[in-house]
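Results of the structural survey
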Amino acid sequence: MIEFRSVTKTYPDGTDAVADFSLVVPAHTTTVLVGSSGSGKTTLLRMINRMVEPTSGSIEIDGEPIAQRDPVRLRRSIGYVLQNGGLLPHHRVIDNVATVLRLEGTPKQEAREKAAEVLDVVGLDRSLAQRYPSQLSGGQQQRVGVARALAADPNILLMDEPFGAVDPIVRAELQAETLRLQQELHKTVVFVTHDIDEAFLLGDQVVILSTGAQVAQVGSPSEIIENPADDFVASFIGTERGARALRTKHTDHGTVLVDGAGRTQGRLVESSS
Amino acid sequence: MTWVVDNLDLIGRLTVEHLRQSALPILLGLLLSIPLGWLAFRFRLTRGLMLTVVGLLYTIPSLALFALLPPLLGISFLSEINLVIALTIYAVAIMTRFVADALASVEPHVRQAADAVGYGAWRRFWQVDLPLAGPVVLAGLRVTAVSTISLCTVGILIGIDNLGYLFTNGYQRQIVAEILAGVVAVVVIALVIDRLLVVLGRALMPWAGKGA
Ligand SMILES: Nc1ncnc2c1ncn2[C@@H]1O[C@H](COP(=O)(O)OP(=O)(O)OP(=O)(O)O)[C@@H](O)[C@H]1O
Ligand SMILES: [Mg+2]
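Small disclaimer: the values here were computed from a predicted structure and weren't measured. (Residues numbered from 1 in each chain as written. Chains lettered and ligands numbered in written order. Predicted model: local features only at pLDDT ≥ 70, side-chain atom pairs only at ≥ 80, totals over all residues. Heavy atoms only, no water.)

The next subject is the overall build of chain A. Each helix and strand counted, chain A has 10 helices and 13 strands in total. The C-alpha radius of gyration of chain A comes to 21 Å, within 12% of the 19 Å expected for a compact globule of 273 residues. When the backbone C-alpha atoms are referred to their principal axes, chain A occupies close to 70 × 45 × 35 Å. Across the 273 residues of chain A, 49% fall into the buried class. Side chains of chain A give 27 positive and 35 negative charges; the mean places of these two sets differ by 7 Å. (Helix = DSSP H or I, 4+ residues; strand = E, 2+ residues; numbered from the N terminus. Rg over C-alpha atoms; globule rule 2.2 N^0.38 Å. Buried < 20%, exposed > 50% of the residue type's maximum accessible area, 1.4 Å probe, protein only. Lys, Arg positive; Asp, Glu negative; His and termini not counted. Charge placed at Lys NZ, Arg CZ, Asp CG, Glu CD.)

With that out of the way, let us pick up the packing of helix H5 (residues 108-121) of chain A against helix H6 (residues 138-151) of chain A. Residue and element names in this part refer to chain A. Between H5 and H6, the shortest axis-to-axis distance is 9 Å and the interhelical angle comes to 130°. Here H5 lies oblique to H6, going by the angle between them. In the crossing of H5 with H6, the sense of the turn from one axis to the other is right-handed. Within the contact between the two elements, H5 uses Lys-114, Val-118 and Leu-119 and H6 uses Ala-147, Leu-150 and Ala-151. For the contact of H5 with H6, the class distribution of residues is 5 nonpolar, no polar and 1 charged. (Axes fitted to C-alpha atoms, helices over the stretch in contact; angles between N-to-C directions. Parallel < 35°, antiparallel > 145°, perpendicular 65-115°, else oblique. Left-handed = near helix turned anticlockwise from the far one by under 90°. Contact = heavy atoms within 4.5 Å. Nonpolar A, V, L, I, M, F, W, Y, C, P; charged D, E, K, R; others polar.)

Contacts between the two partners involve 20 residues from chain B and, on the opposite side, 22 residues from chain A. Both sides together, the interface formed by chain B and chain A hides about 1900 Å², and carbon and sulfur atoms give 64% of it. Contact with chain A buries area across many residues of chain B, yet Ala116(B), Val117(B) and Trp207(B) alone supply 29% of it, more than any other trio. Remark: the boundary between chain B and chain A carries 0 salt bridges. Between chain B and chain A we count 4 residue pairs in polar contact (both at pLDDT 80 or more) in total. Looking at the side of chain B that touches chain A, the elements that each hand over two or more residues are helix H6 (108-117) and helix H7 (121-151) of chain B. A total of 7 residues in the side of chain B that touches chain A trace back to one element, the largest contributor, which is H6(B). (Buried area = accessible area lost by both parts, 1.4 Å probe. Salt bridge = Lys/Arg side-chain N within 4 Å of Asp/Glu carboxyl O. Polar contact = N/O pair within 3.5 Å; in protein donor to acceptor, adjacent residues only side chain to side chain.)

With that out of the way, let us pick up helix H3 (residues 44-59) of chain B. For H3(B), built from 16 residues, the straight-helix expectation of 22 Å at 1.5 Å per residue is met to within 8% by its first-to-last C-alpha distance of 23 Å. For H3(B), the secondary structure elements touched by its buried residues are helix H2 (8-42) and helix H5 (80-104) of chain B. (Expected span 1.5 Å × (residues − 1).)

For the rest of this paragraph, the subject is the UniProt feature "domain: ABC transporter" (unreviewed entry) in chain A. Cross-referencing UniProt, the feature "domain: ABC transporter" (unreviewed entry) maps to residues 2-237 of chain A in the present numbering. As annotated, residues 2-237 of chain A comprises 38% helix and 25% strand, and the C-alpha atoms at either end are separated by 26 Å. (UniProt positions renumbered as here; feature names shortened; annotations may be inferred.)

On to the sheet that holds strand E10 (residues 214-219) of chain A. All names here are of chain A. Overall, mixed pairing links the 6 strands, which are arranged E6-E7-E8-E3-E9-E10 in an open sheet. Of all the strands in the sheet, just strand E6 (78-81) and E10 have a single pairing partner and so form its edges. Direction aside, the axes of adjacent strands within the sheet are offset by 15° on average. Taken together, the 5 bridges between strand E7 (residues 156-160) and strand E8 (residues 188-193) define a ladder with parallel strand orientation. Bridge pairing links Ile-156 to Thr-188 in E8. (Pairing = 2+ DSSP bridges.)

To continue, consider the site of ligand 1. Residue and element names in this part refer to chain A. The environment of ligand 1 is formed by Tyr-11, Asp-13, Thr-15, Ala-17, Ser-37, Gly-38, Ser-39, Gly-40, Lys-41, Thr-42, Thr-43 and Glu-161. For ligand 1, an oxygen atom lies 2.5 Å from a polar atom in the side chain of Ser-37. Relative to its unbound accessible surface of 630 Å², ligand 1 loses 62% to contact with the protein. Looking at the shell around ligand 1, the element that brings in the most residues is helix H1 (residues 41-48), giving 3 residues. Per-class residue counts for the shell around ligand 1 are 2 nonpolar, 7 polar and 3 charged. (Near = heavy atom within 4 Å. Areas by Shrake-Rupley, 256 points an atom, 1.4 Å probe, with all protein chains shown as cover.)

By volume, the largest pocket is sized at about 670 Å³. Of all elements in the fold, only H2, H7 and helix H9 (176-204) of chain B reach the threshold of two or more residues within the lining of the largest pocket. For the lining of the largest pocket, the element with the most residues is H7(B), which contributes 8 residues. The volume enclosed by the second largest pocket comes to roughly 400 Å³. Together, 17 residues line the second largest pocket, and Leu87(A), Pro89(A), Glu107(B), His109(B) and Val110(B) are the ones closest to its centre. When contributions to the lining of the second largest pocket are tallied by element, the ones reaching two or more residues are H6 and H7 of chain B. Of the residues forming the lining of the second largest pocket, the biggest block, 3 residues, is contributed by H7(B). Each residue belonging to the lining of the second largest pocket can be placed in one class, and the counts come to 10 nonpolar, 6 polar and 1 charged. (1 Å grid on protein atoms, 1.4 Å probe; cavity = no way out; pocket = protein on both sides within 12 Å on 5 of 7 lines; lining within 4 Å. Points joined across faces, edges and corners; volume = space filled by probe spheres on them.)

With that settled, consider the UniProt feature "domain: ABC transmembrane type-1" (unreviewed entry) in chain B. Feature annotation in UniProt places "domain: ABC transmembrane type-1" (unreviewed entry) on residues 15-197 of chain B, given in this structure's numbering. Summarising residues 15-197 of chain B: 84% helix, 0% strand, and an end-to-end C-alpha distance of 18 Å.

Aromatic ring pairs are defined here through the distance separating the ring centres and the angle between the ring planes. Tallied over the full model, the rule gives 7 aromatic pairs over all chains. Geometrically, the ring pair formed by Phe4(A) and Phe21(A) is edge-to-face, given 5.0 Å between the ring centres and 85° between the ring planes. Linking Phe4(A) in strand E1 (residues 2-10) with Phe21(A) in strand E2 (residues 16-25), this pair joins segments that are 17 residues apart in sequence. Exposure class is identical for Phe4(A) and Phe21(A). Each is buried. For the ring pair Phe125(B) and Trp126(B), a centre distance of 5.1 Å and an interplane angle of 85° mean the geometry is edge-to-face. (Phe/Tyr/Trp six-rings, centres within 6.5 Å; stacked < 30°, edge-to-face > 60°.)

Another aspect to go through is the nonpolar core. Residue and element names in this part refer to chain A. Counting 43 residues, the largest nonpolar core has Val-97, Leu-119, Met-159 and Ile-208 as its most contacted members. No other element matches the 6 residues that H6 contributes to this core. With near-sequence residues (within four places) excluded, Ile-208 lies in contact with Val-34, Ile-196, Gln-214, Val-215, Ala-216, Gln-217, Ile-224, Phe-232, Val-233, Phe-236 and Ile-237. Listed in part, the 30 residues of the second largest apolar core include Ile-2, Val-7, Ile-61 and Ile-156. (Core = buried A, V, L, I, M, F, W, Y, C linked by side-chain atoms within 4.5 Å.)

What follows is the structure, given as C-alpha cells:
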C-alpha cells in the first residue's frame, strides 16, 4: 500500500505542481492517475521513488515513510517504466533487463538467466536478447522496459505513459499484455496516462486530476462513469458527447445504443444479474 | 629518394621514438581531461573558468612553454620530460572541452532513466554517462592524437630526437628528400593512429551508430 499524506510540491522556479494531495493506493491493484498535460502526474509518480522530493507532506509505503529510506536502494526496490522505454542505449537487451539485478550484486551469469526468463514473461522472443535498443521497434522497446522493471520482482510498479509513443494497434496489444501480466503478478501498480480510455481499461482505481494534482474524482471506472462528480469530470470522460454518451434507439429488431454521432455502438440486452 | 632508401634504419628508429614520446601525452591528456571536463560540464561556475583557462593554455607558444616549465617544475630544459609535460598540457587543453561537450551530449532522459532504476551517482558516471559520452570523447581523442603527433616534432628544439630531427638535419644539410621524408612519416603515423582509434572505438562501442 502506498499512501500520500497532504503532499505538496513547489519546484524551485515557483511552479506549484502538486497542492495538498492525499491518496491511498491499495496493494496488489492498479491505480491510474489520469489528467491533462501539466496536471502533476509525473511529479506524483516520481515522488514515490524519491526522484522528486515533496516540499511538504509525506509518502508511506506499507506504513513506513519513504523519506527515511536510502533513495538509491528504494529505487531498486520499485519497478519504473518510462515513456520512451528509457533503455540504456549501450547495453544489449538482456543486460538492460538484468540492470537492477546487477546493481543489487547478482552475478552476471545468474542475472542474465533470470533476465531471459523475464523476456518470456513479457512475450519477447529470446532471439532479441543480444540486440541493442536502437535495433528494436518502439513496441519492443516498451516491452523491454516492462521486463527491466519486473526483473528484480518488485512489489511496486510505476508506469509513466508507457504506451504513449507507440501506434494504436501496438498500444492495444501492450494494454492487453499489461492486463494479463497484472492478473498473474498482482503488483501494486501506479499507472500514469492522459488517455481516459486507457485509464478505464487498466485501472481498478482511477484518479482524475486537474491542475496542481487536484483530485477531481477517485473511484472505480464504473463508479466514475455512472456518477461523475462534477462537470469537469463529465467532460473529461466524455459522457456529454463522444463515444461514451450512448443513447437508446428503438428499431424493429430491438433496442440498440447509438453514440453522439448517431453511429450504432451495440445492442441493449437485459443484464442477467 | 636514394636518401630515404639509404636511411630507412634512421627513419624507422625515429618513428618508434616519435610514437613513444607522443603516446604518453595523449594518454595523460585523456585521463586528466575526464575530471576537468566533468567539472566544466557539471558546474556553471567552473565551466566558464575551466574553458577559459584551457583555451588560454592552448595559445601559449610551445617554445615559451619549454622555457617556462623547467624553472616552475625544477626539471631540466633539455629533457624528454619537459617535452612530455608540454605536450600533455596541449592535449588537456583540447580534450577538456571535448569531454565537457561529450558529457553534455548524453540524453537527459537516459540519465534520468538510470537514476530511476537505481544507479548511484558514482556508478552512473562510470557506467552510463562516460560510456555514452564515448563517441564524442573519441572524436576529441582523434584530434588530440593527430595534433600531438604533429606538435611532437618541436622536441628537436630542446634536443629530443624524433621525426623532427629530419626537419632540422635536412635543413642544415640542404637535403630536401630528408625534410619531405620527415613530413610524410609524421602524416603517415598520424593517419595510422587515427585509423587505429576509429577501429578501437568500434570495438569498444559496438552500440554506437547501429540501427536508427
Ligand atoms: N523540474 C521542474 N522544474 C520546474 N517545473 C516543473 C518541473 N517538472 C515539472 N514542472 C512543472 O510542474 C507541473 C506538473 O508537471 P508534471 O510533469 O508532473 O505534469 P504531467 O501531468 O506529468 O504532464 P504530462 O502529461 O505533460 O507529462 C507543470 O506545470 C510542469 O511545467
Ligand atoms: Mg508526465
